[in-house]
Amino acid sequence: MDTRGIDQMLSELRSVSQAAQNKPVQPEEAAGGVNFADVLNGALKDVSAAQNEAREMAQNFSAGDPNVNLQDVMVNLQKANLSFQQMVQVRNRLVTAYQDIMNMSV
């Protein structure tokens, strides 16, 4: 279950509540306490782990391991492929956002 949207909404509600009470908002609280670099690094590790698992399962199937069936190998290979494609799209969006910011006039 993905709760990022709920966490973001709670963070915004807290910051509005603190602003209404004239309390300074801490940057970590306003961002929900999530470090973008840690999230991105975790996602990269997940993609790498999925690819390694799929590769290992494919090698075991090729070696004739009776505990590995073709359906599981194909599903894991597709999962790894989709997660890699998703990460490439995230990277493309980040590069585009960076270029847009760098092209802004100050």
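Residues numbered from 1 in each chain as written. Predicted model: local features only at pLDDT ≥ 70, side-chain atom pairs only at ≥ 80, totals over all residues. Heavy atoms only, no water.

### Some thoughts on the overall build of the protein
To keep things clear, this is the line we draw: For helices the rule is a DSSP run of H or I covering at least 4 residues; for strands it is a run of E covering at least 2, with both sets numbered from the N terminus onward. In this scheme, a residue with accessible area under 20% of its type's maximum is buried, one over 50% is exposed, and one in between is partly exposed, where area comes from a 1.4 Å probe on protein chains only. What makes two residues a contact is simply this: any of their non-hydrogen atoms within 4.5 Å. For every accessible area listed, the method is Shrake-Rupley and the probe measures 1.4 Å; residues are considered covered only by the protein chains on display.
Helices and strands together make up the secondary structure of the protein, namely four helices and zero strands. For the protein, the α and β elements follow one another from N to C terminus as α-α-α-α. Within the protein, the proportion of its 106 residues that are buried is 10%. Taking the intrachain contacts of the protein between residues at least 6 apart in sequence as the baseline, contacts between residues at least 24 apart amount to 38%. Accessible area of the protein: about 8,900 Å², with a carbon and sulfur share of 56%.

### Brief notes about the side chain of Ser83
Mapping Ser83 onto the fold places it in helix α4 (residues 70-102). Since its relative accessible area comes to 17%, Ser83 is described here as buried. Contacts of Ser83, omitting those with residues within four sequence positions, involve Val47 and Ala50.

### Observations regarding the packing of helix α3 (residues 36-62) against α4
For clarity, the threshold we go by: Lines fitted to C-alpha atoms define the axes here, with helix axes fitted over just the stretch in contact, and angles between the N-to-C directions of these axes take values from 0 to 180 degrees. Here is the rule for angles: anything less than 35 degrees is roughly parallel, anything more than 145 is roughly antiparallel, 65 through 115 is roughly perpendicular, and the remaining ranges are oblique. Each crossing is labelled by how the near helix is turned from the far one, with a counterclockwise turn of less than a right angle marking it left-handed and a clockwise turn marking it right-handed. For this scheme, ten residues count as nonpolar: Ala, Val, Leu, Ile, Met, Phe, Trp, Tyr, Cys and Pro. Four count as charged, namely Asp, Glu, Lys and Arg, and the remainder, Gly too, count as polar.
The geometry of α3 relative to α4 is characterised by a closest axis approach of 9 Å and an angle of 150 degrees between their N-to-C directions. Considering their axes alone, α3 and α4 lie roughly antiparallel with respect to each other. Helix-helix and strand crossings are classified by hand; for α3 and α4 the assignment is left-handed. Residues Phe36, Leu40, Ala43, Leu44, Val47, Ala50, Gln51, Glu53, Ala54, Met57, Ala58 and Phe61 of α3 form the contact with α4, whose own contacting residues are Leu70, Asp72, Val73, Asn76, Leu77, Ala80, Ser83, Phe84, Met87 and Leu94. Considering only residue class, the contact of α3 with α4 consists of 17 nonpolar, three polar and two charged.

### A closer look at α3
Worth spelling out the cut-off: Here, expected helix span is obtained from the residue count minus one, scaled by 1.5 Å. Counting of polar contacts relies on pairs of N or O atoms within 3.5 Å, with two restrictions inside protein: one atom must be capable of donating a hydrogen and the other of accepting it, and residues adjacent in sequence are counted only when both atoms are side-chain atoms.
Its 27 residues give α3 an end-to-end C-alpha distance of 39 Å, which sits within 8% of 39 Å, the value for a rise of 1.5 Å per residue. When α3 is considered as a whole, its buried residues turn out to be Val47, Ala54 and Met57. Tucked inside the fold, the buried residues of α3 contact α4. Two or three places before Ala37, at the start of α3, stands the capping residue Asn35, its side-chain oxygen 3.2 Å from that residue's backbone nitrogen. Just beyond α3, the residue with positive phi is Gly64, at close to 90 degrees.

### Brief notes about the environment of Val34
Considering the arrangement of structural elements, one finds Val34 in the loop between α2 (27-30) and α3. Here the alpha-carbon distance between Val34 and Asp7, two residues 27 residues apart in the chain, equals 9.9 Å.

### Focus on α4
In a regular helix each residue adds 1.5 Å, so 33 residues correspond to 48 Å; α4 covers 48 Å between its end C-alpha atoms and thus fits that length. Listed in full, the buried residues belonging to α4 are Val73, Asn76, Ala80, Ser83 and Met87. Check the buried side of α4 and you find it contacts α3.

### Considerations on a nonpolar patch on the surface
Heads up, the condition is: Each patch is assembled from residues with relative accessible area greater than 30% and no salt bridge, linking like charges that lie within 9 Å and nonpolar side chains (Val, Leu, Ile, Met, Phe, Trp, Tyr) that lie within 5 Å. Whenever a carboxyl oxygen of Asp or Glu lies within 4 Å of a side-chain nitrogen of Lys or Arg, that contact is scored as a salt bridge.
Taken together, the side chains of Phe61, Leu70, Met74 and Leu77 present a nonpolar region at the surface, about 340 Å² in accessible area. Among the elements that take part in the nonpolar patch, α4 stands out by supplying three residues, more than any other. Inspection of the secondary structure assignment puts Phe61 in helix α3. Under the relative-accessibility criterion, Phe61 is labelled partly exposed at 34%.

On their own, these measurements won't tell you what the molecule is for.
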